[in-house]
Amino acid sequence: DQQVKQNSPSLSVQEGRISILNCDYTNSMFDYFLWYKKYPAEGPTFLISISSIKDKNEDGRFTVFLNKSAKHLSLHIVPSQPGDSAVYFCAASADNDMRFGAGTRLTVKP
Amino acid sequence: KAGVTQTPRYLIKTRGQQVTLSCSPISGHRSVSWYQQTPGQGLQFLFEYFSETQRNKGNFPGRFSGRQFSNSRSEMNVSTLELGDSALYLCASSLGTSDFRRDTQYFGPGTRLTVL
């Protein structure tokens, strides 16, 4: 069963605009959430994370929002840059387990 | 500082065989985690090793096993291969705090396993 879902397999935005990547989860026990970025032929790299005690975490152009009641998190990239084009994975964890979404391919057009 | 390395990069096996994958973490990192990535499923956590002990385990059958050596290098073994085991297997290393989820994990390039 997929406990973490990224329902949009792809997203295309114009350079300078906001990119919003979404992620839904089903397990209410998840208490820590992460976003990873993956370029072709490379392993994923950690981007940003958020604990369930927070609803927002910012790091430069990247902000993650967590809505626990809706079991939804999102990653905002503002402003989007062509170098942000990659596959983005969200992940959720609880105790010893960690589940990832299937990824969303972001394309930022110049 | 050298990154996480995985060998081999590509592997082709047939059903019923067994396979061993290797991961060398970043120097100084004591935690190694393994993940499976298949099309449409994203990454799935297999297990995490710290100080030669399996500390965390995901929801995979016993055919998937691993070990870690005293130098933190880790191996993953899959026995009795099935077609569905075809995937990209990634390992990640981290410093190894008490909660591996909160560590920043550094991923290797992966081993692409094809089971025929």
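Residues numbered from 1 in each chain as written. Chains lettered and ligands numbered in written order. Predicted model: local features only at pLDDT ≥ 70, side-chain atom pairs only at ≥ 80, totals over all residues. Heavy atoms only, no water.

1. Remarks on the side chain of Ser-93 of chain B
Residue and element names in this part refer to chain B.
In step 1: Following the sequence through the fold, Ser-93 ends up in strand β9 (residues 87-94).
In step 2: Judged by its relative accessible area of 0%, Ser-93 is buried.
In step 3: Only 3.3 Å separates the side chain of Ser-93 from the backbone nitrogen of Ile-26, close enough to count as a polar contact.
In step 4: A polar contact is formed between the side chain of Ser-93 and the side chain of His-29, at a distance of 2.7 Å. (Helix = DSSP H or I, 4+ residues; strand = E, 2+ residues; numbered from the N terminus. Buried < 20%, exposed > 50% of the residue type's maximum accessible area, 1.4 Å probe, protein only. Polar contact = N/O pair within 3.5 Å; in protein donor to acceptor, adjacent residues only side chain to side chain.)

2. Some thoughts on the sheet that holds strand β8 (residues 74-78) of chain B
All names here are of chain B.
In step 1: Overall, antiparallel pairing links the four strands, which are arranged β1-β3-β8-β7 in an open sheet. Sheet topology places β1 (5-7) and β7 (64-68) at the edges, where each strand pairs with a single neighbour. In this sheet, neighbouring strand axes are inclined to one another by 20° on average, regardless of whether the strands run parallel or antiparallel.
In step 2: By the bridge criterion, five bridges tie strand β3 (residues 19-24) to β8 in an arrangement that is antiparallel. If you follow Cys-23 over to β8, its bridge partner there is Ser-74. (Pairing = 2+ DSSP bridges. Axes fitted to C-alpha atoms, helices over the stretch in contact; angles between N-to-C directions.)

3. As for the interface of chain B and chain A
Accessible area lost upon the coming together of the parts is a frequently used measure of interface size.
In step 1: Facing 22 residues of chain B, the contacting portion of chain A comprises 22 residues.
In step 2: Buried area between chain B and chain A, both sides added, is near 1700 Å², and the carbon and sulfur share of it is 53%.
In step 3: Taken together, chain B and chain A are joined by zero salt bridges.
In step 4: Across the contact surface, chain B and chain A share zero residue pairs in polar contact (both at pLDDT 80 or more). (Contact = heavy atoms within 4.5 Å. Buried area = accessible area lost by both parts, 1.4 Å probe. Salt bridge = Lys/Arg side-chain N within 4 Å of Asp/Glu carboxyl O.)

4. Brief notes about a nonpolar patch on the surface
Residue and element names in this part refer to chain A.
In step 1: Taken together, Ile-18, Ile-20 and Val-78 make up a surface patch of nonpolar side chains, about 220 Å² in accessible area.
In step 2: Mapped onto the elements, Val-78 comes out in the loop between β8 (72-77) and β9 (86-94).
In step 3: Residue classification places Val-78 among the partly exposed positions, given a relative accessible area of 41%. (Patch = residues over 30% accessible without salt bridge, like charges linked within 9 Å, V, L, I, M, F, W, Y side chains within 5 Å. Areas by Shrake-Rupley, 256 points an atom, 1.4 Å probe, with all protein chains shown as cover.)

5. Thoughts on the pairing of β3 of chain B
One face of the sheet, then the other: side chains in a regular strand alternate in exactly this way.
In step 1: The pairing of β1 of chain B with β3 of chain B spans three bridges and is classified as antiparallel. Looking at the pairing, Thr-5 of chain B lines up with Ser-24 of chain B of β3 of chain B.

6. Some details on the nonpolar core
In step 1: Membership of the largest hydrophobic core comes to 24 residues, with the highest contact counts inside it found for Phe-33, Trp-35, Leu-73, Leu-75 and Tyr-88 of chain A.
In step 2: Elements with a minimum of two residues in this core: β3 (19-25), β4 (32-38), β5 (45-51), β7 (62-67), β8, β9 and β11 (104-109) of chain A.
In step 3: The leading source of residues in this core is β9 of chain A, at five residues.
In step 4: By size, the runner-up hydrophobic cluster in this structure holds 21 residues, among which are Val-4, Leu-21, Ile-26 and Trp-34 of chain B. (Core = buried A, V, L, I, M, F, W, Y, C linked by side-chain atoms within 4.5 Å.)

7. Looking at the state of the cysteines
In step 1: All told, the structure shown has two disulfides over all chains when counted by the stated rule.
In step 2: Note on cysteine connectivity: Cys-23 of chain A is disulfide-linked to Cys-90 of chain A, with sulfurs 1.9 Å apart. An S-S torsion of about 65° defines the bridge between Cys-23 of chain A and Cys-90 of chain A as right-handed. You can see Cys-23 of chain A sitting in strand β3 and its partner Cys-90 of chain A sitting in strand β9, a full 67 residues away along the chain.
In step 3: Judged by relative accessible area, which is 1%, Cys-23 of chain A ranks as buried.
In step 4: Across the disulfide, Cys-23 of chain B is cross-linked to Cys-91 of chain B (sulfur-sulfur distance 1.9 Å). Between Cys-23 of chain B and Cys-91 of chain B, the S-S torsion sits near 70°, and that sign places the bridge as right-handed. Of the two residues, Cys-23 of chain B is situated in strand β3 and Cys-91 of chain B in strand β9; the sequence distance between them amounts to 68 residues.
In step 5: Cys-23 of chain B gets classed as buried once you look at its relative accessible area, which sits at 0%.
In step 6: Among the residues examined, Cys-91 of chain B registers a relative accessible area of 0% and is labelled buried. (Disulfide = S-S within 2.5 Å.)

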